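# Coordinates in review
Here is how the chains run, residue by residue.
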Amino acid sequence: MSKELGTFLRSRRERIAPADAGLPVTRRRRTPGLRREELALLAGISATWLTYLEQGRDVRPSGQVLDALARALRLTDAEQEHLHRLAGAGAEPGQDVPEEATPEIAGVPALLGNNPAYITGICYDLLATNHAAAELFQGMGPGGNVVRWVFTEPAARQVLVDWEQEARSILARLRAMAGQHPGHPRVTRLVAELTEISPEVRQWWPQYDIQFSHAGRKRLRHPRLGVIAVSHAAFHVAERPEQTLVVYHLPDSTELSAGATVPA
């Protein structure tokens, strides 16, 4: 059983106030949030079993137990999916070898013309990109890493208008990736590097936020177009699901004239 599962359960248990769970509040509490015994009671499982899970012992909880814990912990859909993945994690840590996209896949971003697009690997290493993405995401070139760019490249705080929101989001996705590939050497090194460099990562990583890639909209500051609202979507490569194609749709001249821009 992965120790990551225990870390995740404890982080979520400590977020729930006893009053919010309908439990009486006592004055002296050493533990933030719920005590282990209180969570076990709410989930209908034994405190001993929960202790084994949080300690990362070699036990295999059933889907029913995981669902009960998810309800008691009030997990989001993404967090519940992450919980089930951690509980069934038997994946090998992975080899410490450079990751590459096949030529057929690496050529896809160039086909998308003026729409910024890039392909990332298992820990958001940049495997391929197009000219539109290079123009927009200044300083994030081939061989770089998207998460490292967000937290260490000064240009990122200019390009990402809502920097903190976007930074928290990609860190939550890296947290989910780390759970899916426990002990992967490149993921481990990246987290250690960012923790040392970035005060935000040091503060946010222990909060254990979880998120998966999804479509949506965000505000970006384009070097030619100014601040614009763009839609984006992520697609996993069929043969290599850990590789992801990310595509941004830039507004055309009609959309811009209709008011898609935001004052810089």
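See the structure above.
The present account deals with the structure reproduced in this document. Remember, it's a predicted structure, so these values are computed and weren't measured experimentally. (Residues numbered from 1 in each chain as written. Predicted model: local features only at pLDDT ≥ 70, side-chain atom pairs only at ≥ 80, totals over all residues. Heavy atoms only, no water.)

### A word on the overall build of the protein
Counting its regular elements, the protein contains 14 helices and 6 strands. Long-range contacts, defined here as pairs at least 24 residues apart, represent 54% of the contacts in the protein between residues at least 6 apart. Within the structure as shown, the protein displays about 13500 Å² of accessible surface, and the carbon and sulfur contribution to it stands at 52%. (Helix = DSSP H or I, 4+ residues; strand = E, 2+ residues; numbered from the N terminus. Contact = heavy atoms within 4.5 Å. Areas by Shrake-Rupley, 256 points an atom, 1.4 Å probe, with all protein chains shown as cover.)

### As for the packing of helix 5 (residues 77-87) against helix 11 (residues 163-180)
It is the contact of helix 5 with helix 11, at a shortest axis distance of 9 Å, that shows an interaxial angle of 25°. If you check the angle between helix 5 and helix 11, you find them roughly parallel. Seen from helix 5, the contacting residues are His82, Arg85 and Leu86; seen from helix 11, they are Arg175, Ala176, Gly179 and Gln180. When the residues that make up the contact of helix 5 with helix 11 are grouped by side-chain class, the tally is 2 nonpolar, 3 polar and 2 charged. (Axes fitted to C-alpha atoms, helices over the stretch in contact; angles between N-to-C directions. Parallel < 35°, antiparallel > 145°, perpendicular 65-115°, else oblique. Nonpolar A, V, L, I, M, F, W, Y, C, P; charged D, E, K, R; others polar.)

### Observations regarding the environment of Trp149
Note that Trp149 resides in helix 9 (residues 146-152). Other than its neighbours up to four places away in sequence, Trp149 contacts Phe137, Gln138, Gly139, Met140, Ala155, Ala156, Val159 and Leu160.

### Remarks on the pattern of salt bridges
Taken as a whole, this structure holds 15 salt bridges when the rule is applied. For the salt bridge of Arg224 with Glu135, the shortest nitrogen-to-oxygen distance reads 2.6 Å. Note that Arg224 is positioned in the loop between strand 3 (216-222) and strand 4 (226-236) and Glu135 in helix 8 (residues 131-136), a separation of 89 residues in sequence. Residue Arg224 is classed as exposed on the basis of its relative accessible area, which comes to 58%. Its relative accessible area of 28% is what places Glu135 among the partly exposed residues. The salt bridge partner of Glu166 is Lys218, with a shortest N-O separation of 3.3 Å. Here Glu166, found in helix 11, pairs with Lys218, found in strand 3; they are 52 residues apart in sequence, far enough to count as distant. On the accessibility criterion, Glu166 (11% relative accessible area) is buried. (Salt bridge = Lys/Arg side-chain N within 4 Å of Asp/Glu carboxyl O. Buried < 20%, exposed > 50% of the residue type's maximum accessible area, 1.4 Å probe, protein only.)

### Focus on the nonpolar core
Counting residues in each nonpolar core, the largest one holds 37 residues, and the members touching the most others are Tyr118, Phe137, Phe151 and Leu174. Among the secondary structure elements, those contributing two or more residues to this core are helix 8, helix 9, helix 10 (154-159), helix 11, helix 12 (185-197), helix 13 (199-204), strand 4 and strand 5 (244-249). Considering every element that reaches this core, the biggest residue donor is helix 11, with 7 residues. Ignoring anything within four residues of it in the chain, the contact list for Phe151 reads Arg157, Trp163, Ala167, Ile170, Leu171, Leu194, Ser198, Glu200, Val201 and Trp204. Judged by nonpolar contacts, the second largest core, of 29 residues, contains Phe8, Leu9, Ala72 and Tyr208. (Core = buried A, V, L, I, M, F, W, Y, C linked by side-chain atoms within 4.5 Å.)

### Topic: the side chain of Gln243
One can find Gln243 in the loop between strand 4 and strand 5. Excluding residues within four positions of it along the chain, Gln243 makes contact with Glu99, Glu100, Ala101, Ile119, Thr120, Gly121, Leu127, Phe235, His236 and Val237.

### Quick notes on the packing of helix 2 (residues 36-43) against helix 3 (residues 47-54)
As a packed pair, helix 2 and helix 3 sit with axes 9 Å apart at the nearest point and diverge in direction by 115°. Classified by the angle their axes make, helix 2 and helix 3 are roughly perpendicular. Regarding helix 2 and helix 3, the two cross each other, and that crossing is right-handed. Here Arg36, Glu37, Leu39 and Ala40 of helix 2 lie close against helix 3, whose contacting residues are Ala47, Leu50, Thr51 and Glu54. (Left-handed = near helix turned anticlockwise from the far one by under 90°.)

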